[in-house]
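The primary structure of each chain is shown beneath.
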Amino acid sequence: MTTPRLSALHVYPVKSLRAVGMQEAVVEPWGLAGDRRWMLVDAAADSALTQREQPRLALLAALPVGGGGLRLTGPGLPPLDVLPPAEGPLRTVRLFAGKVDVMSAGEEADAWFSGFLGMAARLVHLDDPAVRRPIDPRYALPGETVSLADGYPLLVTTAASLDALNALIAAGDRAQEGPLPMNRFRPNAVIEGTAPWAEDDWRRVRIGEVTFRVPKACSRCVVTTTDQDAGTRGKEPLRTLGRHRRIGSGLIFGQNLVPEHSGTLRVGDPLTMVK
């Protein structure tokens, strides 16, 4: 039987912008190094701005550069380099049902994003992920924190489950929207070599040298209906997930992960179950 292995790794330096593929990545307590330490905020509402509200964010990219900075690129926009703010006041912004303290990246970055989106936007940075944002205490151990990801340090999906989902889409009445690529689900880690939906039964797993707790399945939102290459919306996969993968109140695809210790993940690492 084929040993399940890590087939892809991704970080998202700015929440809701394009993925950056990696061959290896350091696992920190709150997520992969460089993953979702930046975020856009609706300047008028002081609340997170994501592909839920602005699907065209999928067209923008942020590549890591030296010093923890980013190079921002997008269609029709001049490239812009930004660095983490060295000092300045903290700003409290809303991220879903909670709040988090962040630092503003500066007027130049704000103008870059605002011009593209046609609205007042602000780029912010999470200065200290060790203390700023605790994981939902229903699923966390004391002191566990997360970056600016939706709720948990990492998200894992499997290639076999995507194949199974695409087969269900092909058999439905919106077959023209499939097959969908994995980037619709914005995972950090992709595993190949499992049975479809095997991840539903994971509780603790080891990927390479790092062991993870699997606290809960990932309930999917409208972002999955966004074509990550075009920034446009469809109906899938939510339509098919609603018919075949409704578990409790959620439409499920993938699992959230919380690392039990630090280490490095590398593409090709084996995945094993941990009792």
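The rules behind each value
Residue positions are given per chain, counted from 1 along the sequence in the order it is written. Per-residue local features of the predicted model are confined to residues with pLDDT of at least 70, and side-chain atom pairs are confined, for both listing and counting, to 80 or more; whole-chain, interface and lining totals are unaffected and use all residues. Just so you know, side-chain values use all the structure's heavy atoms and leave hydrogens and water out. We call a set of buried residues a nonpolar core when its members are Ala, Val, Leu, Ile, Met, Phe, Trp, Tyr or Cys and they connect through side-chain atoms within 4.5 Å of each other. Remark: exposure states derive from per-residue accessible area (1.4 Å probe, protein chains only) relative to the maximum for the residue type, with buried under 20%, exposed over 50%, and partly exposed in between. The helix and strand labels rest on DSSP assignments: H or I over at least four residues marks a helix, E over at least two residues marks a strand, and numbering proceeds from the N terminus. The pocket and cavity definitions rest on a 1 Å grid over protein atoms only: a 1.4 Å probe that fits but cannot leave marks a cavity, an open set with protein on both sides within 12 Å along at least five of seven lines marks a pocket, and residues lining either have an atom within 4 Å of a point. Grid points are joined across faces, edges and corners, and a volume is the space filled by probe spheres set on the points. Throughout this entry, Asp, Glu, Lys and Arg are counted as charged residues, while Ala, Val, Leu, Ile, Met, Phe, Trp, Tyr, Cys and Pro are counted as nonpolar. The remaining residues, Gly among them, count as polar. Note on pairing: two strands pair once DSSP finds at least 2 bridges between them. A fitted line through C-alpha atoms represents every axis, and for helices the fit uses only the stretch in contact; the resulting angles, taken between N-to-C directions, go from 0 to 180 degrees. For this analysis, residues touch if any pair of their heavy atoms sits within 4.5 Å. The salt bridge definition used is simple: a Lys or Arg side-chain nitrogen within 4 Å of an Asp or Glu carboxyl oxygen. Between the rings of Phe, Tyr and Trp (Trp by its six-membered ring), a pair exists once the centres lie within 6.5 Å; its type follows the angle of the planes, with under 30 degrees stacked, over 60 edge-to-face, and the other angles tilted. Geometrically, a lysine NZ or arginine CZ counts as sitting over a ring once it is within 6 Å of the ring centre and also within 35 degrees of the ring normal.

Of all hydrophobic cores here, the largest spans 20 residues; its most connected members are L32, I207, F212, L257 and L265. Among the elements of the structure, β1 (5-11), β3 (24-28), β13 (154-158), β14 (189-192), β15 (204-207) and β16 (210-213) are those that each provide at least two residues to this core. L49, L70, L72 and F113 belong to the second largest nonpolar core, which has 19 residues in total.

In this section: the layout of surface pockets. A volume near 880 Å³ is recorded for the largest pocket. Broken down by secondary-structure element, the contributors of at least two residues to the lining of the largest pocket are β11 (98-104), β13 and β17 (217-219). Taken as a whole, the second largest pocket encloses approximately 200 Å³ of empty space. Lining of the second largest pocket is provided by 15 residues; of these, A33, G34, P64, G68 and L70 occupy positions nearest its centre. Of the residues that constitute the lining of the second largest pocket, the class distribution is nine nonpolar, four polar and two charged.

In spatial order, the strands read β7-β8-β9; together these three strands make up an open sheet with antiparallel pairing. Here the strands that pair on one side only, and so sit at the sheet edges, are β7 (61-64) and β9 (77-82). Taken over all neighbouring pairs, the strand axes of this sheet differ in orientation by 20° on average, direction set aside. As defined by bridge partners, β7 adjoins strand β8 (residues 70-74) across four bridges and the pair is classed as antiparallel. Its bridge partner lying in β8, A61 is registered against T73. The strands that helix α1 (residues 107-117) touches are β8 and β9; relative to β9, the one it contacts most, it runs at about 150°.

Next up on the list: the pattern of salt bridges. Under the counting rule described, the total for this entry stands at 14 salt bridges. Taking the shortest distance from any N to any O, the salt bridge between R36 and D35 comes out at 3.0 Å. You can call R36 buried: its relative accessible area is 9%. We note a salt bridge from R52 to D150, for which the minimum N-O separation is 2.7 Å. Linking R52 in the loop between β6 (47-49) and β7 with D150 in the loop between β12 (121-125) and β13, this pair joins segments that are 98 residues apart in sequence. A relative accessible area of 40% means that D150 is categorised as partly exposed. Ionic contacts of the salt-bridge type, sharing partners, join the residues K15, R52 and D150 into one network.

Our next topic: the sheet that holds strand β4 (residues 31-32). Strand pairing within a sheet occurs via backbone hydrogen bonds; the two strands may be parallel or antiparallel. Pairing in this open sheet of three strands is antiparallel, and the strands run β4-β3-β20 from one edge to the other. Unpaired on one side and paired on the other, β4 and β20 (263-266) mark the two borders of the sheet. With four bridges connecting them, β3 and β20 associate as antiparallel partners. Note on β20: the bridge partner recorded for V27 is G263.

On to the packing of aromatic side chains. Summed over all chains, the structure comprises four aromatic pairs. On the basis of an interplanar angle of 90° and a centroid distance of 6.0 Å, the ring pair of W197 and F253 is categorised as edge-to-face. In this pair, W197 is assigned in the loop between β14 and β15 and F253 in strand β19 (residues 250-259), connecting sequence segments 56 residues apart. In terms of burial, W197 and F253 fall into one category: buried. Joined through ring pairs, the aromatic side chains of F185, W197 and F253 make up one cluster. Note that R56 overlies the ring of F116, its terminal NZ or CZ placed 4.0 Å from the centroid. Lying over the aromatic face of W197, R245 brings its terminal NZ or CZ to 4.0 Å of the ring centre.

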